[in-house]
Amino acid sequence: MDVQIFAMTHKPFAAPPDTMYVPLQVGRACHDPLGYLGDDTGDHISDQNAYFSELTGVYWLWKNYPHIDIVGICHYRRYFISNDNQLYTKADIESLLSKYDMIVTKKLELRMSYYDGFSATHDQKDLVETQRVVAEKYPDYAPLFDRMVHEKYTYFANMMICQKKIYDAYCFWLFDILFEVQKRIDTTGYDAYRKRVFGFLSEFLLTVWIVKNKLNIYESNVGMSAEKQETAAIKKQLSQYFASCDIAGAKQYFLKELEKRPDVLMEASDIKGELKLCMQIISTCEYEKKRKEPMLVTRGLSFSELLEQVRKLNQFTQQLPVPLCADQAGQIHAYLQNHPISLTAIEIAGIVSGRQAGWLSFLQ
């Protein structure tokens, strides 16, 4: 069988050596060619990449790649991997699809309903209009959409591997909805993040389509070859603020970046959880300053050492039961004696680990 997995990209990258993985430059109609296969020939929407993100590549494959048995979508830095952390081979994929209809990501568990999460980071009217279009064009999907939009999970990244006939059926349904939504919503004034509204909507729509069509799916592990460039840039800037002990500056900078890119704290972006650790460092230092304790960032640690100390501190507090007894109190005092850390830092780590505020007050 002819199996090809397309790695959507907007920048040069080191492609997997297996030729089954094909780099596909998305939005090439708007950018300089990278030397890869592009999504700007034949029937295409390449010039709308700012709004559709990797979907311009998804559309191009639907319209221009009819003679293929199995098609897959991954990203230049994000791939489906086996349980032993290896890239899938052709044999692996054929074996999985002999038992399942589609390979997708594991469900992304959300902190709130999809509706509330989308409304917090995008324009709520875009989701409402999508719900209306689904009800008008595909009324048999409407009850499921209405229920699932208030649940707390979705598949992410528009990643999938399946038979081309299944892929084509999904694309027909998806773009029929999105092109109608596009006619009805006004994206004037959207920043670069919010402009990608159709890419974000499609993640949830794929989830609805899978459930409605009762696909037998395989939820695969996803491996990351690199973190997002934006995530790395934020960490680099925060490290400079920490080095100069400017916690107020670090907080102001991070909140501004979070407003521009609300997704940076999601597991798919903050793959090492280091931005969450940075937030914890900022909060800890603020309270240490109020309590006139030496701040974490004044202890002469490098950025990587600082993150590692907080990570280990979190692991320590996670092992402590609630409520604490005398033995655990002794463990905490021993930890304080053997580590350059404040009681405030331990208390906040405890809260991060799910403890209640003030859980260490009896130690003071």
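Residues numbered from 1 in each chain as written. Predicted model: local features only at pLDDT ≥ 70, side-chain atom pairs only at ≥ 80, totals over all residues. Heavy atoms only, no water.

Comments concerning the pairing of strand β2 (residues 21–25)
Here is step 1 of the chain: Among the five residues in β2, five count as buried, and that is most of the element.
Here is step 2 of the chain: Here β2 shows a buried face lined by Y21, P23 and Q25 and a second buried face lined by V22 and L24.
Here is step 3 of the chain: As defined by bridge partners, β2 adjoins strand β3 (residues 37–38) across two bridges and the pair is classed as parallel. Bridging across to β3, Q25 finds its partner in G38. (Buried < 20%, exposed > 50% of the residue type's maximum accessible area, 1.4 Å probe, protein only. Helix = DSSP H or I, 4+ residues; strand = E, 2+ residues; numbered from the N terminus. Pairing = 2+ DSSP bridges.)

Brief notes about the packing of aromatic side chains
Here is step 1 of the chain: Tallied over the entire structure, the rule returns 24 aromatic pairs.
Here is step 2 of the chain: Ring centres of Y59 and F175 lie 5.1 Å apart, and the angle between their planes is 85 degrees; this geometry places the pair in the edge-to-face category. With Y59 in helix α2 (residues 55–64) and F175 in helix α7 (residues 164–184), the pair connects residues that are 116 residues apart, well separated along the chain. Like Y59, the residue F175 is buried in the burial classification.
Here is step 3 of the chain: Arranged with centres 4.9 Å apart and planes meeting at 35 degrees, the rings of Y141 and W173 form a pair that is tilted. On the criterion of sequence distance, the pair formed by Y141 in the loop between α5 (124–137) and α6 (142–148) and W173 in helix α7 is long-range, its members being 32 residues apart. W173 shares its class with Y141; the two are buried.
Here is step 4 of the chain: Linked through ring pairs, F52, Y59, W62, F175, F179 and F198 together constitute an aromatic cluster.
Here is step 5 of the chain: One Lys or Arg, K63, reaches over the ring of W62 and ends 4.0 Å from the middle of that ring.
Here is step 6 of the chain: Taking the ring centre of Y141 as reference, the NZ or CZ of K212 above it sits at 5.8 Å. (Phe/Tyr/Trp six-rings, centres within 6.5 Å; stacked < 30°, edge-to-face > 60°. Lys NZ or Arg CZ within 6 Å of the ring centre and 35° of its normal.)

Quick look at the layout of surface pockets
Here is step 1 of the chain: Its volume calculated, the second largest pocket comes out at about 320 Å³.
Here is step 2 of the chain: Forming the walls of the second largest pocket are 17 residues, and the residues nearest its centre are F254, K276, M279, Q280 and S283.
Here is step 3 of the chain: Where the lining of the second largest pocket is concerned, the elements lending two or more residues are α11 (247–260), α12 (274–290) and α13 (303–318).
Here is step 4 of the chain: Among the elements that take part in the lining of the second largest pocket, α12 stands out by supplying seven residues, more than any other. (1 Å grid on protein atoms, 1.4 Å probe; cavity = no way out; pocket = protein on both sides within 12 Å on 5 of 7 lines; lining within 4 Å. Points joined across faces, edges and corners; volume = space filled by probe spheres on them.)

Concerning the pairing of strand β10 (residues 217–224)
Here is step 1 of the chain: The pairing of strand β5 (residues 78–81) with β10 spans four bridges and is classified as antiparallel. Residue pairing for β10: Y79 is matched across the bridge by G223.
Here is step 2 of the chain: By the bridge criterion, four bridges tie strand β6 (residues 102–105) to β10 in an arrangement that is parallel. In the strand pairing of β10, V104 is matched with E219.

Regarding the side chain of N158
Here is step 1 of the chain: Here N158 lies in the loop between β8 (153–154) and β9 (160–163).
Here is step 2 of the chain: When its relative accessible area of 2% is taken as the criterion, N158 is described as buried.
Here is step 3 of the chain: Other than its neighbours up to four places away in sequence, N158 contacts E54, L55, I73, G199, S202 and E203. (Contact = heavy atoms within 4.5 Å.)

Examining unusual backbone geometry
Here is step 1 of the chain: Phi angles above zero are rare outside glycine, and N85 is one such case at about 65 degrees.
Here is step 2 of the chain: Within the secondary structure, N85 is located in the loop between β5 and α3 (90–97).
Here is step 3 of the chain: Accessibility expressed as a relative area gives 56% for N85, which makes it exposed.

Examining α5
Here is step 1 of the chain: If you check α5, its first and last C-alpha atoms are 20 Å apart, about what 14 residues at 1.5 Å a residue would give, namely 20 Å.
Here is step 2 of the chain: If you check which residues of α5 are buried, you get D126, L127, E129, T130, Q131, V133 and V134.
Here is step 3 of the chain: In this structure, the buried residues of α5 make contact with α4 (114–121), α6, α7 and α9 (197–212). (Expected span 1.5 Å × (residues − 1).)

A short note on the state of the cysteines
Here is step 1 of the chain: In the structure shown here, the tally under the stated rule is zero disulfides.
Here is step 2 of the chain: Here C245 is not cross-linked by a disulfide; its sulfur's nearest cysteine counterpart is in C285, at 8.1 Å.
Here is step 3 of the chain: Taking relative accessible area as the criterion, C285 reaches 0% and is therefore assigned buried. (Disulfide = S-S within 2.5 Å.)

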